[in-house]
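Structure at a glance
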Amino acid sequence: MADVSPQPSRSRDLDKLLLRPGNLVGPRFEPGPEMRDDLQTYARVLVVGAGGLGCELLKDLALTGFRNLEVIDMDRIEVTNLNRQFLFRLEDVGKPKAEVAAKRVMERISGVNIVPHFCRIEDKDISFYNDFNIIALGLDSIEARSYINSVACSFLEYDSDDNPREETIKPMVDGGTEGFKGHARVILPGITPCFECTIWLFPPQVKFPLCTLAETPRTAAHCIEYAHLIKWNEVHGATAFDPDNPEHMKWVYDEALKRAELFGIPGVTYSLTQGVVKNIIPAIASTNAIISAACALETLKIATECSKTLSNYLTYNGTQGVHTKVTEFERDKECLVCGPGVLIEVEPSVTLQKVISQLLTSEPLR
Ligand SMILES: [Zn+2]
């Protein structure tokens, strides 16, 4: 069948960014088709995580023109993933997320090559991570972010004036979502704060004071935590509460309901009980889509310098209306992960004890 109207080029929107000059471009940006070709040929991006955010990131990066992608994830697909991890189907349950996600995106977007890695992030050599120009993080754990951050920062070298050597900077783009809230940030080790510089951004889990639970409950969550933390021990003593045991969960739910009725508090349900006890926050597909879009755009900006990157932390909140804000956080000068450190030179014959005392007192070694 003959084409009635010519199909618009898939790179039509990308071309507007890459083929035209601009006022916000970086010093290495040279508009033209070569820029687009280079992006496709040379830019290598690793996506860490193939869950809710990872699926979005892979699709967005592939549609943005990146053709050399790899994805790493240790999880297998579960039924409960299917409402938002849109690359997976019912028949994929039990299969590795990374492998199915890579296959699906390659089926739909011609020209892109995605190499999946079904393993733990710690299983890869450090050199594996050094092969990528940019690392995009779609993770839900602080520990995993911390690990990748420490790996990326380990490539960083400083010159004798404690300025970072540009060629050793491994850029990261980090996305995170929790319910209707999310963030996207750009981490350029040595230039912008690393994950560890701003670790305080992740507050400890919300805990209720025991006295509130025991005496003045005001919310459904208070009633649930009373049943979970206080009543369970009173009644069951030595038997530890197992959140994966449905009988245990039902018992806590029943007790929470009794307590809620006593204090006239509405809202205790079985699923809320599960959510509070297991600290589950429901994942929202649209939050993942919005945060991933921001991350993919930042990845494009880092790769091409077609515009200045986010400086340096975007928060999104869709709880009531839509609220976004960009905050420029500062590096922690004392950060042990991304800082230049202090150079100490010692004789090969010096004992460990002397090195330790040198570190503690900063007295010269003899
Ligand atoms: Zn740092």
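Provided above is the structure to which this section pertains.
Let us look at the structure shown here. Every value quoted in this text rests on a predicted model; they were computed, and no experiment measured them. (Residues numbered from 1 in each chain as written. Predicted model: local features only at pLDDT ≥ 70, side-chain atom pairs only at ≥ 80, totals over all residues. Heavy atoms only, no water.)

Observations concerning the overall build of the chain
A tally of regular secondary structure across the chain gives 12 helices and eight strands. Its C-alpha atoms give the chain principal-axis dimensions of about 85 × 70 × 35 Å. Out of the 366 residues belonging to the chain, those deemed buried represent 43%. In the chain, the proportion of contacts linking residues at least 24 apart, taken out of those at least 6 apart, comes to 61%. In the structure as shown, the chain presents an accessible area of about 20800 Å², 53% of it carried by carbon and sulfur atoms. Here the chain carries 38 positive and 50 negative side-chain charges, and the mean point of each set is 5 Å from the other. (Helix = DSSP H or I, 4+ residues; strand = E, 2+ residues; numbered from the N terminus. Buried < 20%, exposed > 50% of the residue type's maximum accessible area, 1.4 Å probe, protein only. Contact = heavy atoms within 4.5 Å. Areas by Shrake-Rupley, 256 points an atom, 1.4 Å probe, with all protein chains shown as cover. Lys, Arg positive; Asp, Glu negative; His and termini not counted. Charge placed at Lys NZ, Arg CZ, Asp CG, Glu CD.)

Regarding the sheet that holds strand β6 (residues 181–187)
As summarised here, the arrangement of the eight strands in space is β3-β2-β1-β4-β5-β6-β7-β8, forming an open sheet in which the pairing is mixed. Sheet topology places β3 (113–117) and β8 (323–327) at the edges, where each strand pairs with a single neighbour. When the angles between neighbouring strand axes are averaged without regard to direction, this sheet yields 15°. Summarising the sheet, β6 and strand β7 (residues 313–317) pair through five bridges and their orientation is antiparallel. Considered in β7, the bridge of Lys 181 is made with Asn 317. Packing against the sheet, helix α4 (residues 97–108) makes contact with β2 (68–72) and β3, and its axis sits at approximately 170° to β3. Strands in contact with helix α6 (residues 142–154) are β1 (44–48), β4 (134–138), β5 (172–178) and β6; relative to β5, the strand with the most contacts, it is inclined by about 170°. (Pairing = 2+ DSSP bridges. Axes fitted to C-alpha atoms, helices over the stretch in contact; angles between N-to-C directions.)

Quick look at α4
Along its 12 residues, α4 runs 17 Å from first to last C-alpha, staying within 8% of the 16 Å computed at 1.5 Å per residue. Structurally, α4 contributes buried residues whose contacts are with α3 (52–64), β2 and β3. (Expected span 1.5 Å × (residues − 1).)

Some thoughts on the coordination of the zinc ion
The zinc ion binds to the protein through Cys 194 (SG), Cys 197 (SG), Cys 335 (SG) and Cys 338 (SG); the donor distances cover 2.3 Å. In this structure, the zinc ion is surrounded by four donor atoms whose angles at the metal cover 98 to 117°, and the resulting shape is tetrahedral. The sequence motif formed by the donor residues of the zinc ion is C-x2-C-x137-C-x2-C. Residue Cys 194 is found in the loop between β6 and α7 (210–215), and its partner Cys 338 is found in the loop between β8 and α12 (352–361); the two are separated by 144 residues along the sequence. Comparing Cys 194 with Cys 338, the two get one shared label, buried. (Donors = N, O, S within 2.8 Å, 3.2 Å for Na, K, Ca; no water. Tetrahedral: all angles 85-135°; square planar, octahedral: opposite > 155°, others 65-115°.)

Some details on the side chain of Glu 70
Within the secondary structure, Glu 70 is located in strand β2. Separated by 3.5 Å, the side chains of Glu 70 and Arg 44 make a polar contact. The contact partners of Glu 70, leaving out residues within four places of it in the chain, are Arg 44, Val 45, Leu 46, Val 47, Val 115, His 117, Phe 128 and Phe 132. (Polar contact = N/O pair within 3.5 Å; in protein donor to acceptor, adjacent residues only side chain to side chain.)

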